[in-house]
Amino acid sequence: MCTTCGCGDPHSHTHIDENGNVVTHTHSHGEHDHHHHDHDHDHDHDHGHDHEKSRTIAVGEDILARNNAVAAQNRALFAARKILALNFVSSPGSGKTELLCATIRNKPADAPQILVIEGDQQTDNDANRIRATGADALQINTGKGCHLDAQQVQLALSAKDPAPGSLVLIENVGNLVCPAEVDLGEAHKVVAISVTEGDDKPLKYPDMFAAADLMIINKVDLAPYVRFDMDRCEEFARRVNPNIRALRVSATTGEGLEKWWAWLKANLMIAQL
């Protein structure tokens, strides 16, 4: 299991189903583990506790190491094809999917091919929303997992084979904790926060904002109706990560999308050097 949340269980497997989606199934330990022995002997429970703790840390470190090895393979593929890959992270309801839809609908004439990889525990609702914009999308269902991992993304890339020079947008499972430490091979993590959330989120979930290169404050059209101080939110984000950049966007009205596309184009140029 992973060190953050306990997912990434060794009793899980990932495959591409008949609809072309990446699906992860997790089996309970009882389905596989028939080993049993009686505890009739005396033993030191504290010592056993320490052993279990050290074993959990070792297993978690091993899973992250294996994930990072696959992430390095993904990153090498992106570099070889001069692809810009972004990992979108946020809490549920921040408007990530609508932001991606608005990004595609408002793309400039010289925009490259776009592939969207959607991560959710269940359903292909978000992938269908992306496809309705005309862009290609692939759904990853993580089952009980609360974040995407590099192997799932690698399977998605093998199924879709993104074109050289394209833009790969990976929407992670809504979660501001676990995806912070899991590398998918992306060039940048982009954290989205909406004005309908608390402006102190960067302080409450510092690891995520420390890992991100860009923070998008979404739903700014609702700012007059809620108590959310955008200046304070940006200040808190810079307190956690002095190098983080911030953009203010409304996926509904289109406000700020031209600045967002300017950031994308600048980073596409870097990817193609």
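The coordinates are above.
Scoring rules and cut-offs
Residues numbered from 1 in each chain as written. Predicted model: local features only at pLDDT ≥ 70, side-chain atom pairs only at ≥ 80, totals over all residues. Heavy atoms only, no water. Helix = DSSP H or I, 4+ residues; strand = E, 2+ residues; numbered from the N terminus. Buried < 20%, exposed > 50% of the residue type's maximum accessible area, 1.4 Å probe, protein only. Contact = heavy atoms within 4.5 Å. Areas by Shrake-Rupley, 256 points an atom, 1.4 Å probe, with all protein chains shown as cover. Pairing = 2+ DSSP bridges. Right-handed = clockwise from strand over helix to strand, strands pointing away. Core = buried A, V, L, I, M, F, W, Y, C linked by side-chain atoms within 4.5 Å. Expected span 1.5 Å × (residues − 1). Arc of directions from axis to C-beta. Axes fitted to C-alpha atoms, helices over the stretch in contact; angles between N-to-C directions. Parallel < 35°, antiparallel > 145°, perpendicular 65-115°, else oblique. Nonpolar A, V, L, I, M, F, W, Y, C, P; charged D, E, K, R; others polar. Polar contact = N/O pair within 3.5 Å; in protein donor to acceptor, adjacent residues only side chain to side chain. Salt bridge = Lys/Arg side-chain N within 4 Å of Asp/Glu carboxyl O.

A word on the overall build of the protein chain
Helices and strands together make up the secondary structure of the protein chain, namely nine helices and nine strands. For the protein chain, the residues scored as buried account for 46% of the 273 residues in total. Of the contacts made within the protein chain by residues no fewer than 6 positions apart, 70% connect residues no fewer than 24 positions apart. Put simply, the protein chain shows about 13800 Å² of open surface, and 50% of that area lies on carbon and sulfur atoms.

What to know about helix H3 (residues 96-105)
The element H3 is extensively covered by neighbouring structure, given that eight of its ten residues are classed as buried. Three or more residues of H3 are buried, namely Lys96, Thr97, Leu99, Leu100, Cys101, Ala102, Thr103 and Ile104.

Let's talk about the pairing of strand S8 (residues 214-218)
With five of its five residues buried, S8 lies for the most part within the structure. Neither face of S8 is exposed, since Leu214, Ile216 and Asn218 on one face and Met215 and Ile217 on the opposite face are all buried. Bridge count between strand S7 (residues 188-194) and S8: five bridges; the pairing is parallel. Following the sheet pairing, Val191 is matched in S8 by Met215. Across four bridges, the pairing between S8 and strand S9 (residues 245-248) is parallel. Paired with Met215 across the two strands is Ala246, which belongs to S9. Viewed along the sheet, the connection from S8 through helix H8 (residues 230-240) into S9 turns out right-handed.

Some details on the nonpolar core
Within the largest apolar cluster, 28 residues are counted, with the highest numbers of intra-cluster contacts made by Leu86, Val116, Ile130, Leu167, Leu169, Trp260 and Trp263. For this core, the secondary structure elements donating two or more residues are strand S3 (84-89), H3, strand S4 (114-120), helix H4 (125-131), strand S6 (167-171), S8 and helix H9 (257-271). Considering every element that reaches this core, the biggest residue donor is H9, with six residues. Setting aside its immediate chain neighbours within four residues, Leu86 contacts Val168, Leu169, Ile170, Glu186, His188, Val190, Trp260, Trp263 and Leu264. Within the second largest apolar cluster, 18 residues are counted, among which are Ala180, Ile193, Met215 and Ile217.

So, the pairing of strand S5 (residues 136-141)
Summarising burial for S5: five of the six residues are buried, a large majority. In this sheet, S5 lies alongside S4 in parallel orientation, the contact comprising six bridges. Counterpart to Asp120 in the pairing with S5 is Asn141. Following the chain from S4 across H4 to the adjacent parallel S5, one finds a crossover that is right-handed.

Observations regarding unusual backbone geometry
One non-glycine residue, Lys82, lies in the positive phi region at around 55°. Along the polypeptide, Lys82 turns up in the loop between helix H2 (45-81) and S3.

Considering H9
Because the α-helix completes a turn every 3.6 residues, residues three or four places apart line up on one side. Compared with an ideal rise of 1.5 Å per residue, which puts 15 residues at 21 Å, H9 spans 21 Å between its outermost C-alpha atoms and is within 8% of the ideal. Leu257, Trp260, Trp261, Trp263, Leu264, Asn267 and Leu268 are the residues of H9 that are buried. The arc that holds the buried residues of H9, viewed along the axis, is 155°, so those residues lie on one side. Summarising the geometry of H9, the exposed residues directed more than 90 degrees from the buried face are Glu258, Lys259, Met269 and Ile270.

Details of the environment of Asn68
Structurally, Asn68 can be placed in helix H2. Sequence separation of Asn68 and Leu184 is 116 residues, and the distance between their C-alpha atoms is 7.7 Å.

Side note on the packing of H3 against H9
Axes are the key here: two packed helices are described by the angle between their axes and the distance separating the axes. It is at 11 Å that the axes of H3 and H9 come closest, and there the two elements cross at 80°. Taken as axis vectors, H3 and H9 run roughly perpendicular relative to one another. Residue-level inspection shows Leu99, Ala102 and Thr103 of H3 in contact with H9, the latter providing Leu257, Trp260, Trp261 and Leu264. Across the contact of H3 with H9, the residue classes break down as six nonpolar, one polar and no charged.

Looking at the side chain of Asp183
Tracing the backbone shows Asp183 in the loop between S6 and S7. Asp183 sits in the buried class, given a relative accessible area of 18%. Reaching out from Asp183, the side chain makes a polar contact with the backbone nitrogen of Gly185 at a distance of 2.9 Å. Those residues in contact with Asp183 that sit more than four places away from it in its chain are Asn67, Asn68, Ala71, Arg75 and Ala150.

Some words on the pattern of salt bridges
Applying the stated rule across the entire model yields 15 salt bridges. Arg248 is paired through a salt bridge with Asp231; the nearest N and O atoms lie 2.6 Å apart. Of this pair, Arg248 sits in strand S9 while Asp231 is found in helix H8, placing the two residues 17 residues apart along the sequence. Taking the relative accessible area as the measure of exposure, Arg248 reaches 31% and is therefore partly exposed. On the basis of relative accessible area, Asp231 is assigned to the exposed category, the value being 53%. Across the pair Arg238 and Glu234 runs a salt bridge whose closest N-O atoms are separated by 3.8 Å.

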